[in-house]
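Chain residues, written in single-letter form:
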Amino acid sequence: MNEKLDRLIDRAEQLIARVEAVLPQPLGAPDWSAAVAWRYRKRASGHGVLEPVRHVGAIALADLKEIDAQKDKVERNTRQFIEGRPANNVLLTGARGTGKSSLIKACLNAYAPRGLRLIEVDKADLTDLPDIVDVVAGRAEKFIVYCDDLSFDEGEPGYKALKSILDGSVAASTPNVLVYATSNRRHLLPEHMKDNLSHTHGDDGELHPGEVVEEKISLSERFGLWVSFYPFSQDEYLVIAGQWLGALGASAAQIAAARPDALVWALERGSRSGRVAYQFARDFMGRAAGEV
């Protein structure tokens with residue numbers, strides 16, 4: 001009888017262990033000494049984990065050309081944050097490939113020795129932001145929660161979660177956490193012509209946006225610092241291409257000789273962005289190395 005009872009208890013314990021394994025678990029703190037950057041990932045079981053990024057792109061602030069005004073704003077805000085002074089959540093918006101994400105990575109590389117850390121969170125996982133903030137609250141390090149290429153469709157749950165974290169939650173903001181987000185558009189929800197039907201005119205002729213429009217711009221307004229990026233001119237594009245060529249070991253003569261090819265490359269790609277300049281530099285130097 002006792003043997004049967006023991007076997008029954010063993011089977012029950014095994015069943016409980018299997019059930020617990022598939023249930024969502026509280027987010028645990030990783031080994032913070034393993035990296036300076038982390039990615040938040042959801043497992044198929046629903047468990048969230050912070051995975052270390054072993055190799056962060058080695059871009060420096062000095063590598064970023066033709067965005068000096070934007071660089072000054074973001075670096076100043078990051079420095080204030082690191083030094084324990086008031087700082088803002090940041091929304092970087094504008095043309096593709098102009099250095100928005102690279103600027104955030106460069107700030108991480110510059111200030112990681114002083115305790116800056118970064119956690120990248122996909123838009124789909126923003127509903128778990130409160131759990132992430134709870135894990136890092138009280139740590140001595142300063143954490144940037146980084147959301148790349150951020151925009152929302154109507155009704156997405158991450159929208160309200162991010163809105164609460166930025167401003168408006170019952171809980172006080174966490175002093176060692178800021179949100180840095182990049183987007184190709186300033187208003188993070190799609191705008192439709194029908195939304196303008198809710199505008200009203202005052203007796204004095206002033207135009208007042210309706211509730212639909214107010215809701216669509218309310219998330220962007222919760223970022224205290226807006227930094228806009230613009231398409232590069234031809235001369236700016238060539239400066240950036242030259243900088244990347246130099247970083248990859250090109251001589252001054254090679255950089256000068258590469259200008260016509262750089263312009264053709266941009267024309268074929270239909271863009272004069274920093275990303276296109278970087279891709280050209282890699283292609284040019286790769287070909288040059290093969291010809292030696």
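Residues numbered from 1 in each chain as written. Predicted model: local features only at pLDDT ≥ 70, side-chain atom pairs only at ≥ 80, totals over all residues. Heavy atoms only, no water.

Here we come to the pattern of salt bridges. Applying the stated criterion across every chain, the model contains 9 salt bridges. With a shortest N-O distance of 4.0 Å, Arg-79 and Glu-75 are connected by a salt bridge. With Arg-79 and Glu-75 both in helix H2 (residues 68-82) and 4 residues apart, the pair spans about one turn of that helix. The partly exposed category is assigned to Arg-79, whose relative accessible area is 28%. Between Arg-139 and Glu-141 there is a salt bridge, with its nearest N and O atoms 2.8 Å apart. Residue Arg-139 is classed as partly exposed on the basis of its relative accessible area, which comes to 33%. Taking relative accessible area as the criterion, Glu-141 reaches 14% and is therefore assigned buried. Connected via shared salt-bridge partners are Glu-83, Arg-85 and Arg-114. (Salt bridge = Lys/Arg side-chain N within 4 Å of Asp/Glu carboxyl O. Helix = DSSP H or I, 4+ residues; strand = E, 2+ residues; numbered from the N terminus. Buried < 20%, exposed > 50% of the residue type's maximum accessible area, 1.4 Å probe, protein only.)

When you line up the elements, Asn-89 lands in the loop between H2 and strand E3 (90-94). Since its relative accessible area comes to 13%, Asn-89 is described here as buried. For Asn-89, the contacting residues outside a window of four places in its chain are Leu-166, Leu-178, Val-179, Arg-222, Phe-223, Gly-224 and Leu-225. (Contact = heavy atoms within 4.5 Å.)

Among the nonpolar cores identified, the biggest contains 44 residues, and Val-74, Leu-92, Leu-103, Tyr-237, Leu-245 and Phe-280 are the most heavily contacted of them. If we ignore the near neighbours within four places in the chain, the residues touching Leu-92 are Val-74, Lys-100, Leu-103, Ile-104, Ala-181, Thr-182, Ser-183, Val-227 and Phe-229. By size, the runner-up hydrophobic cluster in this structure holds 26 residues, among which are Tyr-40, Cys-147, Leu-166 and Val-179. (Core = buried A, V, L, I, M, F, W, Y, C linked by side-chain atoms within 4.5 Å.)

For Glu-66, which is not a glycine, the phi torsion comes out positive at approximately 65 degrees. The class for Glu-66 is partly exposed, based on a relative accessible area of 34%.

Our focus in this paragraph is the sheet that holds E3. Strand pairing in a sheet relies on backbone hydrogen bonds, with the paired strands running either antiparallel or parallel. Pairing is mixed in the open sheet, where 7 strands are placed in the order E2-E1-E4-E5-E6-E3-E9. This sheet does not close on itself; its edge strands, each paired only once, are strand E2 (48-52) and strand E9 (225-229). Between one strand axis and the next, the sheet turns by 25 degrees as a mean value, whatever way the strands run. The sheet contact formed by strand E4 (residues 116-120) and strand E5 (residues 142-147) spans 5 bridges and is parallel. In the sheet register, Glu-120 faces E5, and the bridge partner there is Tyr-146. Seen against the sheet, H2 touches E3, E4, E5, strand E6 (177-183) and E9 and runs at an angle of roughly 150 degrees to E9. (Pairing = 2+ DSSP bridges. Axes fitted to C-alpha atoms, helices over the stretch in contact; angles between N-to-C directions.)

The calculated volume of the largest pocket comes to roughly 790 Å³. Looking at the largest pocket, it is lined by 36 residues, and the ones nearest its centre are Ile-59, Ser-101, Ser-102, Lys-105 and Arg-275. At the level of elements, strand E1 (37-42), helix H3 (100-111), E4, helix H7 (234-247) and helix H9 (274-291) are the ones that each hand at least two residues to the lining of the largest pocket. Tallied by class, the residues present in the lining of the largest pocket amount to 15 nonpolar, 11 polar and 10 charged. (1 Å grid on protein atoms, 1.4 Å probe; cavity = no way out; pocket = protein on both sides within 12 Å on 5 of 7 lines; lining within 4 Å. Points joined across faces, edges and corners; volume = space filled by probe spheres on them. Nonpolar A, V, L, I, M, F, W, Y, C, P; charged D, E, K, R; others polar.)

It is at 10 Å that the axes of H7 and helix H8 (residues 252-269) come closest, and there the two elements cross at 120 degrees. Classified by the interaxial angle, the pair formed by H7 and H8 is oblique. In this structure, H7 meets H8 at a crossing whose hand is right-handed. Listed contacts from H8 to Gln-234, Tyr-237, Leu-238, Ala-241, Gly-242, Leu-245 and Gly-246 of H7 are Ile-255, Ala-258, Arg-259, Ala-262, Leu-263, Trp-265 and Ala-266. Counted by class, the contact of H7 with H8 contains 10 nonpolar, 3 polar and 1 charged residues. (Parallel < 35°, antiparallel > 145°, perpendicular 65-115°, else oblique. Left-handed = near helix turned anticlockwise from the far one by under 90°.)

This brings us to the side chain of Lys-71. Within the fold, Lys-71 resides in helix H2. Given the relative accessible area of 11%, Lys-71 is considered buried. With residues up to four places along the chain from it excluded, the contact list for Lys-71 reads Leu-61, Ala-62, Leu-64 and Leu-103.

This part covers H3. The terminal C-alpha atoms of H3, which comprises 12 residues, lie 17 Å apart, in line with the 16 Å expected from a rise of 1.5 Å per residue. Along H3, the positions that sit buried rather than exposed are Lys-100, Ser-101, Leu-103, Ile-104, Ala-106, Cys-107, Leu-108 and Tyr-111. (Expected span 1.5 Å × (residues − 1).)

Moving on: the pairing of E9. Counting buried positions along E9 yields 4 of 5 residues, so the element is predominantly enclosed. By the bridge criterion, 5 bridges tie E3 to E9 in an arrangement that is parallel. Directly across from Gly-94, in E9, lies its bridge partner Phe-229.

It is worth spelling out the confidence of the model for the protein at this point. Of the residues in the protein, 74% have a pLDDT of 70 or more, and the chain-wide mean is 80. Put simply, strand E8 (residues 207-208) is where the protein has its lowest mean pLDDT, 47, and H2 is where it has its highest, 95. Within the model, the stretch residues 191-198 combines pLDDT values under 50 with 12 contacts to residues more than four positions away or in other chains. (pLDDT = per-residue confidence, 0-100.)

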